[in-house]
Amino acid sequence: MDTTTLPVVGPLLHGGADLLTALTGALTPVGGGFAAALAVVALTLAVRVALVPLSVLQVRAERDRRRLAPQLAALRRRYGSDRERLQRAAQELYTSERVSPLAGCLPVLAQAPVLSLVYTLFTHATIDGAVNVLLDATLVGIPLGHSLLVVLAGPLWTHAWVVLVLLAVLTVVVEASRRAALRWNPVAQDGTAPAATVRVGTAVARWAPFVSVVFAAVAPLAATLYVVTSAVWTLGERAVLRRVLR
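It should be emphasised that the depicted structure is a prediction, and the values quoted were computed from it without experimental measurement. (Residues numbered from 1 in each chain as written. Predicted model: local features only at pLDDT ≥ 70, side-chain atom pairs only at ≥ 80, totals over all residues. Heavy atoms only, no water.)

(A) View of helix 9 (residues 211-218). All buried positions along helix 9 are accounted for by Val213, Ala216 and Ala217. Each buried residue of helix 9 lies within a common arc of 100° when the element is viewed along its axis, so the set occupies one face. Within helix 9, the exposed residues directed more than 90 degrees away from the buried face are Val211 and Val214. Each element contacted by the buried residues of helix 9 is listed here: helix 6 (148-153), helix 7 (160-184) and helix 10 (221-244). (Buried < 20%, exposed > 50% of the residue type's maximum accessible area, 1.4 Å probe, protein only. Helix = DSSP H or I, 4+ residues; strand = E, 2+ residues; numbered from the N terminus. Arc of directions from axis to C-beta. Contact = heavy atoms within 4.5 Å.)

(B) Main features of the packing of helix 1 (residues 9-31) against helix 5 (residues 106-121). Where helix 1 meets helix 5, the axes come as close as 10 Å, and the angle between the chain directions of the two elements is 80°. As judged from the angle between their axes, helix 1 and helix 5 are roughly perpendicular. Two secondary-structure elements touch here, helix 1 through Leu12, Leu13, Gly16, Ala17 and Leu20 and helix 5 through Leu117, Thr120 and Leu121. For the contact of helix 1 with helix 5, a count of residues per class yields six nonpolar, two polar and no charged. (Axes fitted to C-alpha atoms, helices over the stretch in contact; angles between N-to-C directions. Parallel < 35°, antiparallel > 145°, perpendicular 65-115°, else oblique. Nonpolar A, V, L, I, M, F, W, Y, C, P; charged D, E, K, R; others polar.)

(C) Expanded view of the pattern of salt bridges. With the rule as written, the count across this model stands at 10 salt bridges. The partner of glutamate 62 in a salt bridge is arginine 238, and the shortest N-O contact between them spans 4.0 Å. With glutamate 62 in helix 3 (residues 52-79) and arginine 238 in helix 10, this pair connects stretches of sequence that are 176 residues apart. Taken as a pair, glutamate 62 and arginine 238 share a single burial class, namely buried. (Salt bridge = Lys/Arg side-chain N within 4 Å of Asp/Glu carboxyl O.)

(D) Summary view of the confidence of the model for the protein chain. Across the protein chain, pLDDT averages 87, with 92% of residues at or above 70. The low-confidence segment residues 188-193 (pLDDT under 50) makes 11 contacts with residues lying over four places distant or belonging to another chain. (pLDDT = per-residue confidence, 0-100.)

(E) Region of the structure containing the packing of aromatic side chains. Counted under the stated rule, the structure contains two aromatic pairs. Judged by centre distance (5.9 Å) and plane angle (50°), the ring pair of tryptophan 207 and phenylalanine 210 falls under tilted. Under the relative-accessibility criterion, tryptophan 207 is labelled exposed at 56%. What makes phenylalanine 210 buried here is its relative accessible area of 14%. Sitting over the face of the ring of tryptophan 207, arginine 206 holds its NZ or CZ atom 4.6 Å from the ring centroid. (Phe/Tyr/Trp six-rings, centres within 6.5 Å; stacked < 30°, edge-to-face > 60°. Lys NZ or Arg CZ within 6 Å of the ring centre and 35° of its normal.)

(F) How the structure looks around the packing of helix 5 against helix 10. Running from amino to carboxyl end, helix 5 crosses helix 10 at an angle of 150°, the nearest separation of the two axes being 8 Å. As far as their axial angle goes, helix 10 and helix 5 are roughly antiparallel. In the packing of helix 5 onto helix 10, the handedness of the crossing is right-handed. On the side of helix 5, the interface is formed by Gln111, Val114, Leu115, Val118 and Tyr119, while helix 10 contributes Ala222, Ala223, Tyr226, Val227 and Ser230. Here the residues of the contact of helix 5 with helix 10 sort into eight nonpolar, two polar and no charged. (Left-handed = near helix turned anticlockwise from the far one by under 90°.)

(G) Broad picture of the environment of serine 100. Within the secondary structure layout, serine 100 lies in the loop between helix 4 (83-96) and helix 5. For the pair serine 100 and leucine 45, spaced 55 residues apart in the sequence, the C-alpha separation amounts to 26 Å. Apart from the residues within four sequence positions on either side, serine 100 is in contact with Ala61 and Arg65.

(H) A nonpolar patch on the surface, seen in detail. Together, Phe34, Leu38, Val140, Trp161, Val165, Val169 and Val232 make up a nonpolar patch on the protein surface, roughly 570 Å² of accessible area in all. Here the nonpolar patch gets three residues from one element, more than from any other, and that element is helix 7. Position of valine 140 among the secondary structure elements: in the loop between strand 3 (138-139) and strand 4 (142-143). (Patch = residues over 30% accessible without salt bridge, like charges linked within 9 Å, V, L, I, M, F, W, Y side chains within 5 Å. Areas by Shrake-Rupley, 256 points an atom, 1.4 Å probe, with all protein chains shown as cover.)

(I) Representation of the nonpolar core in the model. By size, the foremost hydrophobic cluster in this structure holds 41 residues, and its most contacted members are Leu20, Leu121, Phe122, Leu144 and Leu170. Of all elements in the fold, only helix 1, helix 2 (35-50), helix 5, helix 6, helix 7, helix 9 and helix 10 reach the threshold of two or more residues within this core. Judged by nonpolar contacts, the second largest core, of 10 residues, contains Leu75, Tyr79, Ala90 and Val99. (Core = buried A, V, L, I, M, F, W, Y, C linked by side-chain atoms within 4.5 Å.)

(J) Seen up close, unusual backbone geometry. Even without being glycine, arginine 98 reaches a positive phi, approximately 55°. Secondary-structure assignment places arginine 98 in the loop between helix 4 and helix 5. We classify arginine 98 as exposed; its relative accessible area is 80%. With a phi angle near 50°, valine 140 is a residue other than glycine that sits in the positive phi range.

In structure tokens form, the structure reads like this:
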């Protein structure tokens, strides 16, 4: 079954394809053969600008969680291993202080539909029965619908450096963002948790941010451009908002 022919999905994909085609046409005088890639970057920046209010809420939530950290630590010491009572008490604290523990997820959740749209647009040969002309777009000879794995396995492997550079940039940005987050909101040590649990939690916190790098390596180049652009924007945006909302 072709999911692009579904009643809701088809029009959305058509709208996204038309938008990227229009952006590519508008950017062609400036970007030439890079216009399609620039269109993806422009779309990403437009989405991130629209999501600035959610990013403000996210940073404020980080600030509030840092403010509540001593009280949460006291609750952990008070209730020890009684996780049910601890969760209930923590929720009551968040409610009384008007802090949403889910606010930090809002920008990611809001971007998910757009990233899914870009991914789908560059992984289907047809959209609602029509030929997908976006697949003809390239960046330094690599079709925007090709992933790193496809490039390495085919005759375009000599151009793989383009994707590798993007992945290297993303890795550096993700690590910089992770360290900045730790400086802004250090992880409190839970003395009541078993040592094995602490080690697992530390490992997850250390490596989970790099899931985006793995995704970017297997996703179409267009989606990789989206992820890298969004990550760079996030790093700069957080630096500004954390200074302003301190």
